[in-house]
Amino acid sequence: MHPDHTASPPRGCRRLRYIAVALALGAAMFAAGAIMLTPDGTSASSPPVQGRPADPPRGSIQALQDRVTRLPKDSGGWAALGMAYVQQARATADPATYDRAEKALRTSLTVQSEDNTDAQIGMGALAAARHDFPAALRWARKATTSGPYSSSAYGVLADAYTQLGRYDEAEEAVQKMTDLRPDAASLARASYAFELKGSTDRARALMGRSLTAAVTSADSAFAHNVLATLDLQDGIPRAALARANTGLRAAPGDSALLETRARAQTALGDTAQAVADYRAAIAIAPLPHFLLGLGELEQSLGHRRQAEEQYALLRAQDRIREAAGAPADTDAILFEADHGSPRRAVTMAEQALRTRPFVAVHDAYAWSLHRAGRDADALVQADKALAQGTRSSLFRYHRAVIRHALGHAGAARRDLTEALREPGFHPLHADTARDLLQRIDTTP
């Protein structure tokens, strides 16, 4: 991947400014991708006129609603509104907002049915946010056909290919995106392509460039969060804490940075502050991995009632997900495997893999199979989860436990040693990993 080469689109080719959004997979992995837009890439608001309220910020949902009210045949306005709703849903964990997003995007497509790249990008991002990655791929292909010079279209294409386990094609799409426009969003995806392969030095360098290229507070917050996550993966939680604090000074309400800071504080032993940050993140967006992280931290501290409060919310979210017929995310699968029915977790993972054969889903499937007593099958999935070279301590721990259960002590030891590069990788499993490694080392 060589994201220094650039190619200019034809004059007059419309561009939309997107902000990269990560779907939590335990390590800042992309799913929905770049999905926030403003009509011209700015967030400036009109100066207030004396005697009347200030206009809503440019690019805000209110401003976009006002725009389509004035101009109901403006396909670009409807597409922008739909994308803004997708971003709002990702930030607030409100699935009902996705319905508003779809309505706005389909209105845009009704107004302009042909060559409506903006709405096609929006529909692809929406499908990805709903974890319907085959649909995301179909929309992304439409967008790259109608808008071959749109870097954002290739971003959605890259995200879809990644989650479908088509990593070589994802890299090609990222390269095309970066060639067209080496901005914060494309450099972030290039960073993740290397992170996925375990090349964390390259990933860090490219994310540093993404931070330099950032033009919005959300771009900057995202880059700081990924860099802090990489620090955690490299076993340097103090650096992660400093990085998260830097990001939060610029974006104090960023829930992802609050959650990452909570994980850094957990690794450093400041569990009281970690609990406070988890609760602050959940108050902003009750995302499943926030709830699971806080619940398992509370459980590790012996606070069973507080842990059960989070687990009850997770079960309620999963009932809503199941009623809607949506596939489970990895957090829901792992939660079910560890705190519910492993056999049900296996079924959830098998359903998820049909439309999302991604490394994190293979890992969740592996752990579910292990918990259900099917270790030979579990090892096959654990190997698939790590086949790209991903440096995930949790993936390594899962495979270590599976290998140990199969009698492969030496291989289990190697995985445990690698997992414990990040000493506080999990509030419950990290101590178990240390105990298992000690048992292996003291067994004749």
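Located above this text is the structure these notes cover.
The text that follows walks through the structure, step by step, so that each part is easy to find.

Reading the values: the criteria
- Residues numbered from 1 in each chain as written.
- Predicted model: local features only at pLDDT ≥ 70, side-chain atom pairs only at ≥ 80, totals over all residues.
- Heavy atoms only, no water.
- Helix = DSSP H or I, 4+ residues; strand = E, 2+ residues; numbered from the N terminus.
- Core = buried A, V, L, I, M, F, W, Y, C linked by side-chain atoms within 4.5 Å.
- Buried < 20%, exposed > 50% of the residue type's maximum accessible area, 1.4 Å probe, protein only.
- Expected span 1.5 Å × (residues − 1).
- Polar contact = N/O pair within 3.5 Å; in protein donor to acceptor, adjacent residues only side chain to side chain.
- Phe/Tyr/Trp six-rings, centres within 6.5 Å; stacked < 30°, edge-to-face > 60°.

**What to know about unusual backbone geometry**
Leave glycine aside and you will find that most residues have negative phi; peptide bonds, for their part, are mostly trans.
In step 1: In this structure, Asp-115 takes a positive phi of about 55 degrees despite not being glycine.
In step 2: In this fold, Asp-115 is placed in the loop between helix H3 (96-111) and helix H4 (117-129).
In step 3: One non-glycine residue, His-131, lies in positive phi territory at about 65 degrees.
In step 4: Along the chain, His-131 falls in the loop between H4 and helix H5 (133-146).

**Focus on the nonpolar core**
In step 1: Judged by nonpolar contacts, the single largest core of 43 residues is most densely connected at Ile-333, Phe-358, Tyr-397, Leu-416 and Phe-425.
In step 2: Considering each element in turn, this core owes the most residues, eight residues, to helix H18 (residues 359-371).
In step 3: Val-156, Ala-188, Val-226 and Leu-230 belong to the second-largest nonpolar core, a separate cluster that totals 37 residues.

**Observations regarding helix H2 (residues 75-92)**
In step 1: If you check H2, its first and last C-alpha atoms are 26 Å apart, about what 18 residues at 1.5 Å a residue would give, namely 26 Å.
In step 2: Backbone nitrogen of Gly-76 and a side-chain oxygen of the N-cap are separated by 3.2 Å at the start of H2; the cap is Asp-74.
In step 3: At the exit of H2 stands Ala-93, carrying a positive phi of roughly 60 degrees.

**Some remarks on the packing of aromatic side chains**
In step 1: Applying the stated criterion across every chain, the model contains four aromatic pairs.
In step 2: Taking 5.3 Å as the distance between ring centres and 50 degrees as the angle between the ring planes, the aromatic pair formed by Tyr-311 and Phe-335 counts as tilted. Placement of Tyr-311 in helix H15 (residues 304-323) and of Phe-335 in helix H16 (residues 330-339) is noted, with a sequence separation of 24 residues between them.
In step 3: Tyr-311 sits in the buried class, given a relative accessible area of 0%.
In step 4: You can call Phe-335 buried: its relative accessible area is 4%.
In step 5: A network of ring pairs unites the aromatic residues Trp-367, Tyr-397 and Phe-425 as a single cluster.

Coordinates in, geometry out; function isn't part of it.
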